[in-house]
Amino acid sequence: MKFAILVNEGPYTHQASDSAYQFAKAVLAKGHELYRVFFYHDGVNNASRLTVPPADDRHIVNRWSALAQEHGIDLVVCIAAAQRRGMLDENEMKRQGKDANNIAPGFRISGLGQLVEAGIQADRLVTFGD
Amino acid sequence: MTDELEMEEGGGVVKKFMFLNRKAPYGTIYALEGLEVVLISAAFDQDVCMAFVDDGVYQLMKNVDTTGIDMKNFSKTYRALEGYDIEKLYVEKESMEARGLTEDDFIVDVTVMSSAELAALMNEQDVVISH
Amino acid sequence: MLHIVNKSPTERNSLDSCLRLATKGSAVLLIEDAVYAATKGTAAAAKLQAAMADLKVYALAPDLNARGVAGRVLEGVNLVDYGGFVDLVAEHNTCQSWL
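Here the structure is a predicted model, which means the values were calculated and not measured.

(A) Region of interest: the packing of aromatic side chains. Here the structure, examined in full by the defined rule, presents 12 aromatic pairs over all chains. Ring geometry for tyrosine 21 of chain A and tryptophan 64 of chain A: centres 5.6 Å apart, planes at 85°, overall edge-to-face. Of the two residues, tyrosine 21 of chain A is situated in helix α1 (residues 16-29) and tryptophan 64 of chain A in helix α2 (residues 60-71); the sequence distance between them amounts to 43 residues. Given a relative accessible area of 0%, tryptophan 64 of chain A falls into the buried group. Of the aromatic side chains, those joined through ring pairs into one cluster are Phe3, Phe23 and Phe128 of chain A together with Phe85 of chain C. Between the NZ or CZ atom of lysine 23 of chain B and the centre of the ring of tyrosine 30 of chain B, over which it lies, the distance is 4.9 Å.

Structure below.
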């Protein structure tokens, strides 16, 4: 079965991203397909390459990046929500004339249509948020 | 599941999407960004409806003036939904009444339904996206 | 339909809204802070127990354990792990998260 996940909160403040990650791992362990993880609202902050948690804590961002790398998972960050919150990839950095970008490996920035499309393509869409 | 779904003319899949709004506007961004998903969904020719439950019913208030808080007033967007062919707007009666509101307080025409009716409608959906 | 609740019943009204709009035969999964609703002696316990006549109620064990309340679970609540969470989503046509 094809699953999609929507993450609506950023890392650390809410459990949403942790729950979504544990759920994503279980989806894969059960042999299902994970079609896409879409990050919306403050969820876009899960994609910040500049995140530095204490050494004895989980690294939420790197964990998502590793999942994308190991299983080819499509991690999509909503562009409109990302721009509002200072999340830019290299292309957007140039387009907006900014001096830095901060998107972690494995994440890509795209439009909200990717969320609707995930709802259409996947058999199930599960939302994690506040 | 896919084989049970109605096919649109172009051969694409048409799913029933419900956007369920449970949060008041302005205090948090969920109502505004939730509305942005609804507008985008119009481009996908899906069977879309919006439901307003709990504090979500406050999104539909008339007489909104945000000048004093310097935030964008997006009340008019609910009126524009019709132009996007999003015409099915449902308000749960229990939520509306618990907030001392009537249909006359809303900026758009809505269908008011009981919890039981809305629950039945929810069960028919293929995708529920809730804010 | 699978209803997913993640908020403590003493902090938000999500569980009440969920129970109001969940139809007979539906499943309710309590995760994150909503697992407190599945514990004995709380204000929500009677409500949840009454709802169990029509609904199947599940709670995510890792979240109960993390909160130190695994030993206080109400009778009739089914415990699942993340794998069981995935199965529940797969078994029901749609799911709704009461955020």
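So much for the structure itself; the text now carries on.
(B) Up close: the interface of chain A and chain B. Between chain A and chain B, the contact holds 21 residues from the first and 21 residues from the second. In total, about 1,700 Å² of surface goes out of reach between chain A and chain B, with carbon and sulfur atoms giving 59% of it. Run the count over chain A and chain B and you get three salt bridges. Put simply, arginine 85 of chain A and glutamate 33 of chain B hold a salt bridge, and the shortest N to O gap is 3.0 Å. At the junction of chain A and chain B, the tally comes to 11 residue pairs in polar contact (both at pLDDT 80 or more). Those elements that place two or more of their residues in the side of chain A that touches chain B are α3 (79-84), α5 (113-121) and β5 (124-128) of chain A. The leading source of residues in the side of chain A that touches chain B is α5 of chain A, at six residues. Classifying every residue of the side of chain A that touches chain B gives 10 nonpolar, four polar and seven charged.

(C) Looking closely at the interface of chain B and chain C. Of the residues lining the interface, 21 residues belong to chain B; the matching set on chain C comes to 16 residues. Contact between chain B and chain C buries roughly 1,400 Å² in total, counting both sides, with carbon and sulfur atoms accounting for 49%. Three residues stand out in chain B for area buried against chain C, namely Arg22, Met122 and Asn123 of chain B, and they jointly supply 36% of the buried area on that side. Of the charged contacts in the structure, one is a salt bridge between glutamate 92 of chain B and arginine 20 of chain C, with a shortest N-O distance of 2.8 Å.

(D) Inspection of the sheet that holds strand β1 (residues 16-21) of chain B at higher detail. Residues and elements named next belong to chain B. Taken together, five strands build an open sheet; the order of strands is β4-β3-β2-β1-β5 and the sheet is parallel. A single partner strand is all that each edge strand has here, and the edge strands are β4 (111-113) and β5 (127-130). Each strand of the sheet is rotated relative to its neighbour by a mean of 25°, with strand direction disregarded. Pairing of β1 with β5, which is carried by four bridges, proceeds in the parallel orientation. Looking across to β5, one finds that phenylalanine 17 is bridged to valine 127.

(E) Representation of α2 of chain A. All names here are of chain A. Here α2 is 12 residues long and its end C-alpha atoms lie 17 Å apart, about the 16 Å a rise of 1.5 Å per residue gives. Here α2 has its buried residues at Ile60, Val61, Arg63, Trp64, Ser65, Leu67 and Ala68. Those residues of α2 that are buried lie in contact with β1 (2-7), α1, β2 (33-39), β3 (75-78) and β4 (107-110).

(F) The sheet that holds strand β5 (residues 95-98) of chain C, seen in detail. Residue and element names in this part refer to chain C. If you walk across this open sheet you meet the five strands as β4-β3-β2-β1-β5, and the pairing is parallel. With one partner strand each, in any of the chains shown, β4 (78-80) and β5 form the two edges of the open sheet. Across the sheet, the axes of successive neighbouring strands diverge by a mean angle of 25°, strand direction being ignored. Examined bridge by bridge, strand β3 (residues 56-60) and β4 share three bridges and lie parallel to one another.

Calculation criteria
- Residues numbered from 1 in each chain as written.
- Chains lettered and ligands numbered in written order.
- Predicted model: local features only at pLDDT ≥ 70, side-chain atom pairs only at ≥ 80, totals over all residues.
- Heavy atoms only, no water.
- Phe/Tyr/Trp six-rings, centres within 6.5 Å; stacked < 30°, edge-to-face > 60°.
- Helix = DSSP H or I, 4+ residues; strand = E, 2+ residues; numbered from the N terminus.
- Buried < 20%, exposed > 50% of the residue type's maximum accessible area, 1.4 Å probe, protein only.
- Lys NZ or Arg CZ within 6 Å of the ring centre and 35° of its normal.
- Contact = heavy atoms within 4.5 Å.
- Buried area = accessible area lost by both parts, 1.4 Å probe.
- Salt bridge = Lys/Arg side-chain N within 4 Å of Asp/Glu carboxyl O.
- Polar contact = N/O pair within 3.5 Å; in protein donor to acceptor, adjacent residues only side chain to side chain.
- Nonpolar A, V, L, I, M, F, W, Y, C, P; charged D, E, K, R; others polar.
- Pairing = 2+ DSSP bridges.
- Axes fitted to C-alpha atoms, helices over the stretch in contact; angles between N-to-C directions.
- Expected span 1.5 Å × (residues − 1).

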